[in-house]
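Structural features, examined
Residue strings, one per chain:
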Amino acid sequence: MIEERMGDCWSYTKDQFDNLEKHTQWGIEFVERYTKFVKERSEIETNYAKQIRNLSKKYQPKKNSREEEESKYTSCRAFLSTLNELNDYAGQHEVIAENLTSQIISELSRYLQDLKTERKSHFHDGRKAQQHIESSWKQLESCKRRFERDCKEADRAQQYFEKMDADINVTKADVEKARQQAQMRHQMATDSKNDYSSYLQKFNQEQNEHYYTVIPNIFQKLQEMEEKRIERIGVCMKTFAEVDRQVLPIVGKCLDGMTKAAEAIEPNADSKQVVESYKSGFEPPGEVDFEDYGQAMKRTVSETSLSNSREGKEKPGGKSKGKLWPFIKNKNKGSGPEDFSHLPPEQRRKKLQGKIDELSKDIQKEMDQRDALTKMKDVYVKNPQMGDPASVDPRLSEIGQTIEKLQFEVQKFEGWLAEVEGRMPSKSDTNRRQSGLYETQNSTPVGNNCAQDRESPDGSYTEEQNSETQQVKANIPIPTSSTPEFDDEFDDEETLPTIGTCKALYPFEGHNEGTISVAEGELLYVIEEDKGDGWTRVRRNEDEEGYVPSSYVEVFLETNAKGAMTYI
């Protein structure tokens, strides 16, 4: 049966036991090497997926950032969709890594252990068979040498007997003794011959069984083991390709999603969104009047001076000087006033409406909490064992106060919104506070103790009770001026001349519009000196100028410009 299955089997290599042992060891090392290759591929897929996920996360819009506001554009939404699809794409590479680990690496690791155990068992049987045949060969050689020795002894004993028998001087007893010794040696030689012949027959039988049965069976098992190893490697290589092929449909969907996102980009819609976002609501400026400089020039006080009277600033009809609004640069570095008055009308309306909607959501949230606590209190009243009804009252009171505050804020912003939309007459600037709240003033005679309107360089207004309380934070006086719009000074087309320099003694942040931030020790140009209100107008470069507290700088006026006034 074995001979019928031999064919090109390993049984023909019955004398190559050591070489086959080396070959099967190489097969195991090959499986280990392939397992290591798949493991490294899995690690590459894992790292690649991690990097793709980090990349997608890095470019995701941040909350409360400009990137979140940009999501209203179709191109930005398409980019966000691409990032989401890319995140799903990274997930498929993680699936590849997981499948490689579970379907190949883990399986081959277990198979290697079984393969090593099986190989060890087969070669242990082979070595045992080799040791047995070698032991039989040694016993055969021992029988052969004993038979050879006994034959030689028998020959010598026979020759001695014949010599003693031919010698007439030897006694009959010695001859008889020599004859018996020769017979004994012949018998021993015969016994050794029989033993040698018997063991030789046994050895030949064992050798035949060893080379034609035992070793072929062992080699047949090794051959089957090796063929299974090769087959398992082939299956793993096929799985290696199938793992990638399985995720291709989902990867294709991810790529299709990116393509659809790109196709959903609408340039016209984005352009309309830009118009909607930045529409100011301003009317175009009127024609610029001709100013005749042919007449004699008159040295006057600058209209932008803080000491200029309100009457000198006002024009017929009570309107301030028109601005070339398309060319005005906003120098405001802070967040702007609470009522968004620094924004154009249309943008201000949107901001106010958004703030009202946000506050309305907060009010609804607080009211829902109040309703829930009220129901809980009713349950406590009906079932005192569940809790003390009075324990809910502090929280209800706190929520009520919060709702009142939020409703007050809503009313405040609705008032500003009504002003912008023209639903109610615009209140005079004298009734505006820097905080943005509206108050009405009593019609009392103007005196030293009455409230007077003052304005800071950002154009917002504050009420002062008397000259003794004219101080802001850090004891910095607010610059006084009777001009209704202070920021008109920065809209003049002409550049004011430099009248000196100054050095900042302290750092000043300059959050309000019309002010400028300075660092300690910074050198600046003075373009308008302090007019008694505690503010000095300085310039850093052609495009950056504003007011700083006079107490924060050391001024060095030029000799010919001491106390100079500004020309208009």
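Thresholds, definitions, all that
- Residues numbered from 1 in each chain as written.
- Predicted model: local features only at pLDDT ≥ 70, side-chain atom pairs only at ≥ 80, totals over all residues.
- Heavy atoms only, no water.
- Helix = DSSP H or I, 4+ residues; strand = E, 2+ residues; numbered from the N terminus.
- Buried < 20%, exposed > 50% of the residue type's maximum accessible area, 1.4 Å probe, protein only.
- Areas by Shrake-Rupley, 256 points an atom, 1.4 Å probe, with all protein chains shown as cover.
- pLDDT = per-residue confidence, 0-100.
- Contact = heavy atoms within 4.5 Å.
- Phe/Tyr/Trp six-rings, centres within 6.5 Å; stacked < 30°, edge-to-face > 60°.
- Axes fitted to C-alpha atoms, helices over the stretch in contact; angles between N-to-C directions.
- Parallel < 35°, antiparallel > 145°, perpendicular 65-115°, else oblique.
- Left-handed = near helix turned anticlockwise from the far one by under 90°.
- Patch = residues over 30% accessible without salt bridge, like charges linked within 9 Å, V, L, I, M, F, W, Y side chains within 5 Å.
- Salt bridge = Lys/Arg side-chain N within 4 Å of Asp/Glu carboxyl O.
- Pairing = 2+ DSSP bridges.
- Expected span 1.5 Å × (residues − 1).
- Bend = angle between axes of the 7 residues up to and from the residue.
- Core = buried A, V, L, I, M, F, W, Y, C linked by side-chain atoms within 4.5 Å.

Attention shifts here to the overall build of the protein. Looking only at helices and strands, the protein has 9 helices and 7 strands in total. Within the protein, the proportion of its 568 residues that are buried is 32%. Summing over all exposed atoms, the protein offers an accessible surface of approximately 36700 Å²; the carbon and sulfur share of this is 50%.

Turning next to the confidence of the model for the protein. On average, residues of the protein score 76 in pLDDT, and 74% of them are at 70 or above. Within the model, pLDDT remains below 50 along residues 1–7, and this stretch shows 8 contacts once partners closer than five positions in the same chain are excluded. With pLDDT under 50 throughout, residues 562–568 is counted as low confidence; its partners more than four residues away or in other chains account for 21 contacts.

Attention shifts here to the packing of aromatic side chains. For the coordinates displayed, the defined rule picks out 10 aromatic pairs. Note on Trp137 and Phe203: the rings are 5.3 Å apart at their centroids and 50° apart in plane angle, and the pair reads as tilted. One end of the pair, Trp137, is in helix 4 (residues 74–166); the other, Phe203, is in helix 5 (residues 172–263), and 66 residues separate them in sequence. A centroid spacing of 5.9 Å and a plane angle of 5° characterise the contact between Phe147 and Tyr196, whose relative ring orientation is stacked. One end of the pair, Phe147, is in helix 4; the other, Tyr196, is in helix 5, and 49 residues separate them in sequence. An aromatic cluster of three or more residues is present, and its members are Tyr506, Phe508, Trp535 and Tyr552.

In this section: the packing of helix 2 (residues 17–58) against helix 5. Helix 5 packs onto helix 2 with a crossing angle of 15° between their chain directions and a minimal axis gap of 11 Å. In terms of their interaxial angle, helix 2 and helix 5 are classed as roughly parallel. The handedness of the crossing between helix 2 and helix 5 comes out as left-handed.

With that settled, the discussion passes to a nonpolar patch on the surface. A surface patch of nonpolar side chains, amounting to about 290 Å² of accessible area, comprises Leu55, Tyr59 and Phe79. Here Leu55 is to be found in helix 2.

In this section: the sheet that holds strand 6 (residues 544–549). Spatial ordering of the open sheet is given by 6-5-4-3-7, a layout of 5 strands whose pairing is antiparallel. If you trace the sheet from one side to the other, it starts and ends with strand 6 and strand 7 (553–557), each paired once. Direction aside, neighbouring strands of the sheet carry axes that sit 40° apart on average.

The next subject is helix 4. A turn of α-helix holds 3.6 residues, and therefore any two residues three or four places apart point the same way. Between its first and last C-alpha atoms helix 4 spans 135 Å; for 93 residues at 1.5 Å apiece the expected length is 138 Å, and the two agree. Of all the bends found along helix 4, the most pronounced is centred on Thr101 and spans about 35°.

Turning next to the nonpolar core. Soluble globular proteins: nonpolar side chains tend toward being buried together. One finds Tyr34, Val38, Leu100, Ile104 and Phe219 to be the most contacted residues of the largest nonpolar core, which totals 34 residues. Elements with a contribution of two residues or more to this core: helix 2, helix 4 and helix 5. Of all hydrophobic cores here, the second largest spans 16 residues; its members include Phe340, Leu359, Ile403 and Phe413.

On to the pattern of salt bridges. Taken as a whole and assessed by the stated rule, the structure comprises 19 salt bridges. The salt bridge involving Arg53 is made with Glu94; its shortest N-O contact spans 2.9 Å. Linking Arg53 in helix 2 with Glu94 in helix 4, this pair joins segments that are 41 residues apart in sequence. Look at Arg53 and you get partly exposed, because its relative accessible area is 27%. Accessibility expressed as a relative area gives 28% for Glu94, which makes it partly exposed. Where Glu148 meets Lys152, a salt bridge forms, and the shortest distance between an N and an O atom there is 3.5 Å. Here the residue Glu148 and the residue Lys152 both occupy positions in helix 4, the gap between them amounting to 4 residues, near one helical turn. Among the charged side chains, a salt-bridge network with shared partners connects Arg41, Glu45 and Asp244.

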